[in-house]
Amino acid sequence: MTETAPPSPPHSPSDTPPESPLQNPLWTFSLDFYRQPQVAEFLLQCQDTRGADVCLLLWASYTSACGRQLSEESWRVADRGLAPRRRMINSVRHLRRLLGRIKKNTGLYEWCKRCELRMEQRQLAALWKLDSETWPETRSPLELAGQQYGLLQKEQARWAGLIDAYSTGTGTTDSGAAVT
């Protein structure tokens, strides 16, 4: 992939921490983008109804916001590479949701929520590392995700609109947590 600077988040703090494997531009973008109106709702709907991996959707969003494309090969490598950790995240998410239905205000529920977020951060760090590899850029990331998860064109258009609103700063932030 080509080296392209990430979009400047319209609501980013002025003190940006130095980049590290876990604290990278994809992670920063993901936290900020996820908090935008309708983004979490859209991503969670894709996750719950289409079996989508929210981390892959965030990576596709970031890549699209940077004005770049992906190759089918890079998408397949990312999807396969994340599969083992994705199963662990799904197990923790299932436990957290079960605890949330039983008694949400417990220490165990909060612990599961933090674990899930840390695992997602590791997923995004792996995608950030993959993002630095050189791949032919031939397809829209939103089309690749749409193809894999069966997203309709209207859903892809809605997603593109959310990314555009974020990139142009027309969306407003929400104080919601970035847990999927």
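In this text, all values refer to a predicted model and were calculated from it rather than measured experimentally.

1. Digging into the packing of helix 4 (residues 72-103) against helix 6 (residues 141-149)
Helix-helix packing is characterised by the crossing angle of the two axes and by the distance between the axes. Remark: helix 4 packs on helix 6, axes separated minimally by 10 Å, with the N-to-C direction vectors making an angle of 55 degrees. When the axes of helix 4 and helix 6 are compared, the pair comes out oblique. When you trace helix 4 past helix 6, the crossing you get is right-handed. Residues Glu72, Trp75 and Asp79 of helix 4 touch helix 6, and the partners they reach there are Pro141, Leu144, Ala145, Gln147, Gln148 and Tyr149.

2. A few points about the side chain of Gln156
Secondary-structure assignment places Gln156 in helix 7 (residues 153-168). Each residue touching Gln156, except ones within four places of it in the same chain, is listed here: Leu142, Glu143, Gly146 and Leu151.

3. What to know about the layout of surface pockets
Here the second largest pocket is characterised by a volume of approximately 160 Å³. As for the second largest pocket, its lining consists of 15 residues, of which Gln47, Ala52, Asp53, Asn90 and Arg93 are closest to the centre. The set of elements that each furnish at least two residues to the lining of the second largest pocket consists of helix 2 (39-50), helix 3 (54-65), helix 4 and helix 5 (107-131). The element best represented in the lining of the second largest pocket is helix 4, accounting for five residues. Here the lining of the second largest pocket is built from residues that sort into four nonpolar, five polar and six charged.

4. So, a nonpolar patch on the surface
On the surface, a cluster of nonpolar side chains totalling about 260 Å² of accessible area is made up of Leu95, Leu98 and Ile102. Checked against the element boundaries, Ile102 lands in helix 4. Judged by its relative accessible area of 62%, Ile102 falls in the exposed class.

5. Considerations on the packing of aromatic side chains
Within this structure, the stated rule accounts for seven aromatic pairs. On the numbers, 5.1 Å between centres and 90 degrees between planes, the contact of Phe29 with Tyr166 is edge-to-face. You can see Phe29 sitting in helix 1 (residues 25-34) and its partner Tyr166 sitting in helix 7, a full 137 residues away along the chain. Taken as a pair, Phe29 and Tyr166 share a single burial class, namely buried. Summarising the aromatic geometry, the rings of Phe33 and Tyr166 are spaced 5.5 Å apart at their centres and angled 80 degrees between planes, so their arrangement reads as edge-to-face. Separated by 133 residues along the polypeptide, Phe33 in helix 1 and Tyr166 in helix 7 bring together distant segments of the chain.

6. A few points about helix 1
Along helix 1, eight of the 10 residues are buried, which leaves the element largely enclosed by surrounding structure. Leu26, Trp27, Phe29, Ser30, Leu31, Asp32, Phe33 and Tyr34 are the residues of helix 1 that are buried. Contacts from the buried residues of helix 1 go to helix 2, helix 3, helix 5 and helix 7. Regarding helix 1, its N-cap is Asn24, as a side-chain oxygen of that residue lies 2.9 Å from the backbone nitrogen of Leu26 further along.

7. Examining helix 2
Along its 12 residues, helix 2 runs 16 Å from first to last C-alpha, staying within 8% of the 16 Å computed at 1.5 Å per residue. The secondary structure elements touched by the buried residues of helix 2 are helix 1, helix 3, helix 4 and helix 7. Within two residues after helix 2, Gly51 carries a phi angle of roughly 75 degrees, on the positive side.

8. So, the environment of Ser61
Within the element layout of this structure, Ser61 appears in helix 3. Along the primary structure Ser61 and Ala160 are separated by 99 residues, whereas in three dimensions their C-alpha atoms are 8.1 Å apart. Here Leu57 takes part through its backbone oxygen, which lies 2.8 Å from a polar atom of the side chain of Ser61.

9. A short note on the nonpolar core
In terms of nonpolar packing, the biggest core is built from 38 residues, with Trp59, Trp75, Leu127 and Trp159 touching the most fellow members. Elements that contribute at least two residues to this core include exactly helix 1, helix 2, helix 3, helix 4, helix 5, helix 6 and helix 7. Sequence-distant contacts of Trp75, that is, excluding residues within four places in its chain, are made with Leu56, Trp59, Ala60, Leu70, Pro141, Leu144, Ala145, Gln148 and Tyr149. Judged by nonpolar contacts, the second largest core, of seven residues, contains Val92, Leu99, Cys112 and Met119.

Basis of the calculations
- Residues numbered from 1 in each chain as written.
- Predicted model: local features only at pLDDT ≥ 70, side-chain atom pairs only at ≥ 80, totals over all residues.
- Heavy atoms only, no water.
- Axes fitted to C-alpha atoms, helices over the stretch in contact; angles between N-to-C directions.
- Helix = DSSP H or I, 4+ residues; strand = E, 2+ residues; numbered from the N terminus.
- Parallel < 35°, antiparallel > 145°, perpendicular 65-115°, else oblique.
- Left-handed = near helix turned anticlockwise from the far one by under 90°.
- Contact = heavy atoms within 4.5 Å.
- 1 Å grid on protein atoms, 1.4 Å probe; cavity = no way out; pocket = protein on both sides within 12 Å on 5 of 7 lines; lining within 4 Å.
- Points joined across faces, edges and corners; volume = space filled by probe spheres on them.
- Nonpolar A, V, L, I, M, F, W, Y, C, P; charged D, E, K, R; others polar.
- Patch = residues over 30% accessible without salt bridge, like charges linked within 9 Å, V, L, I, M, F, W, Y side chains within 5 Å.
- Areas by Shrake-Rupley, 256 points an atom, 1.4 Å probe, with all protein chains shown as cover.
- Salt bridge = Lys/Arg side-chain N within 4 Å of Asp/Glu carboxyl O.
- Buried < 20%, exposed > 50% of the residue type's maximum accessible area, 1.4 Å probe, protein only.
- Phe/Tyr/Trp six-rings, centres within 6.5 Å; stacked < 30°, edge-to-face > 60°.
- Polar contact = N/O pair within 3.5 Å; in protein donor to acceptor, adjacent residues only side chain to side chain.
- Expected span 1.5 Å × (residues − 1).
- Core = buried A, V, L, I, M, F, W, Y, C linked by side-chain atoms within 4.5 Å.

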